Amino acid sequence: MLAMVGIAPGAPPHNRPMTRSALDTFITQSIARSRAAASPADCVLALAPLMLDLIEHAGDFLQPEHYRSDPAGYTRNLIHETPDDGLSLYALVWLPGQWTPVHDHGSWGVVGVVEGVLEERNYVRLSPDRGADEGIELARGGAILLNRGAVTSFVPNPDHIHITGVPTERPRAVSLHLYGRMMSNFNIYDVPARSRRRIQVAHNES
Ligand SMILES: [Fe+2]
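Here's a quick rundown of the structure.

The rules behind each value
Each chain has its residues counted from 1, following the order in which its sequence is written. The predicted nature of this model means local features are confined to residues of pLDDT at least 70 and side-chain atom pairs, given and counted, to a pLDDT of 80 or more, with totals for whole chains, interfaces and linings taken over all residues. Counting other C-beta atoms within 10 Å of each residue's C-beta, where C-beta atoms are placed from the backbone, gives the exposure class: buried for 20 or more, exposed for 12 or fewer, partly exposed between. Each helix corresponds to a stretch of at least 4 residues labelled H or I by DSSP, and each strand to a stretch of at least 2 residues labelled E; elements are numbered beginning at the N terminus. Two strands pair if DSSP finds at least two bridges between them. Structurally, a nonpolar core is described as a collection of buried Ala, Val, Leu, Ile, Met, Phe, Trp, Tyr and Cys residues joined by way of C-beta atoms within 7 Å. We call two residues in contact when their backbone-placed C-beta atoms lie within 7 Å. What counts as an axis is a line fitted to C-alpha atoms, over the stretch in contact for a helix, and the angles between N-to-C directions run from 0 to 180 degrees.

Quick look at the pairing of strand β7 (residues 161–165) now. Most of β7 is tucked away: four of the five residues are buried. As judged from the five bridges shared by strand β4 (residues 118–125) and β7, these two strands associate in the antiparallel manner. Pairing of Y123 across the sheet is with I161, part of β7.

Next comes the structure, spelled out in structure tokens:
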């Protein structure tokens, strides 16, 4: 079920099919390609070009509720979830100075930027991952600045660990995030304590 608001009855008829088709096509093709992929790495390779195209149509299907923001922290607005929880698509809104904690995803993901510059600061795991939540040694890695139109992706095992956000001196950013599951929980890391814990995360629904 597409979690989006329909077009107002008075909208020009030609807007109706265009608005739904870009998102519907993206979801349909993402489901097919993710099911056909032999590995998470193959999956993001197949889906990244779809995200590149979707960005160009973001103005056609994003509704005002997808731009909701909160001064308390970055905002996750659900656009679509598949009934089997196999895929989820969110619009994330980042006000100046808002960042995630250090986190992983437990899933593959494909991210596209539709407004502003989303900054990613990476961490490199130095200790082997044997499933323990303690004794995790992380080193700071490089930063990536993702301008409007950029697409990035990640795969799990080993998990991609980073923070993302927008520094205070830059304007709002809006990004689309497609994951291989409902992204309702993930690990956050305490780098000095060398530990991690799993948290539940909320999102807005349309
Ligand atoms: Fe992330």
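A few words now on the nonpolar core. Formed by 34 residues in total, the largest nonpolar core has its most connected members in M51, A91, V110, L176 and L178. Broken down by element, the residue count for this core peaks at six residues, all from strand β2 (residues 88–94). Not counting chain neighbours up to four residues away, the residues in contact with V110 comprise V44, L47, A48, M51, V151, S153 and L178.

With that settled, consider the sheet that holds strand β6 (residues 151–154). Across the sheet, which stays open at both edges, the five strands sit in the order β1-β2-β8-β3-β6 with antiparallel pairing between neighbours. Only two strands of the sheet have a single neighbouring strand rather than two, namely β1 (75–81) and β6. Taking each pair of neighbouring strands and ignoring which way they run, the sheet shows an average axis angle of 20°. Pairing between strand β3 (residues 109–115) and strand β8 (residues 173–179): six bridges, direction antiparallel. Its bridge partner lying in β8, G109 is registered against Y179. Packed on one face of the sheet, helix α2 (residues 40–56) meets β3, β6 and β8 and runs near 15° to β3.

Here we take up unusual backbone geometry. With an omega of 5°, the peptide bond running from N157 to P158 counts as cis. With respect to the secondary-structure elements, P158 resides in the loop between β6 and β7. Phi is positive for N157, which is not a glycine, with a value near 55°. Considering the arrangement of structural elements, one finds N157 in the loop between β6 and β7.

Inspection of the secondary structure assignment puts P49 in helix α2. Placed 131 residues apart in sequence, P49 and G180 show a C-alpha to C-alpha distance of 16 Å.

Moving on, we come to the pairing of strand β9 (residues 185–190). Here six bridges tie β9 to strand β10 (residues 195–200), and the two strands are oriented antiparallel to one another. Across the sheet, residue D190 finds its bridge partner in β10, namely S195. Two successive antiparallel strands, β9 and β10, enclose a turn made up of four residues, where R194 displays a positive phi of approximately 60°.

A separate point is the sheet that holds strand β5 (residues 138–146). What the three strands build is an open sheet, ordered β5-β4-β7; its pairing is antiparallel. A single partner strand is all that each edge strand has here, and the edge strands are β5 and β7. Here the strands of the sheet are splayed against their neighbours by 20° on average, with no regard to which way each runs. Here β4 pairs with β5 via seven bridges, running antiparallel. Across the sheet, residue Y123 finds its bridge partner in β5, namely R140.

Now for the environment of S107. Among the secondary structure elements, S107 is positioned in the loop between β2 and β3. Along the backbone, S107 and G165 are 58 residues apart, and their C-alpha atoms lie at a distance of 20 Å. Here S107 is in contact with P156, Y179, G180, R181 and M183, once residues within four sequence places are set aside.

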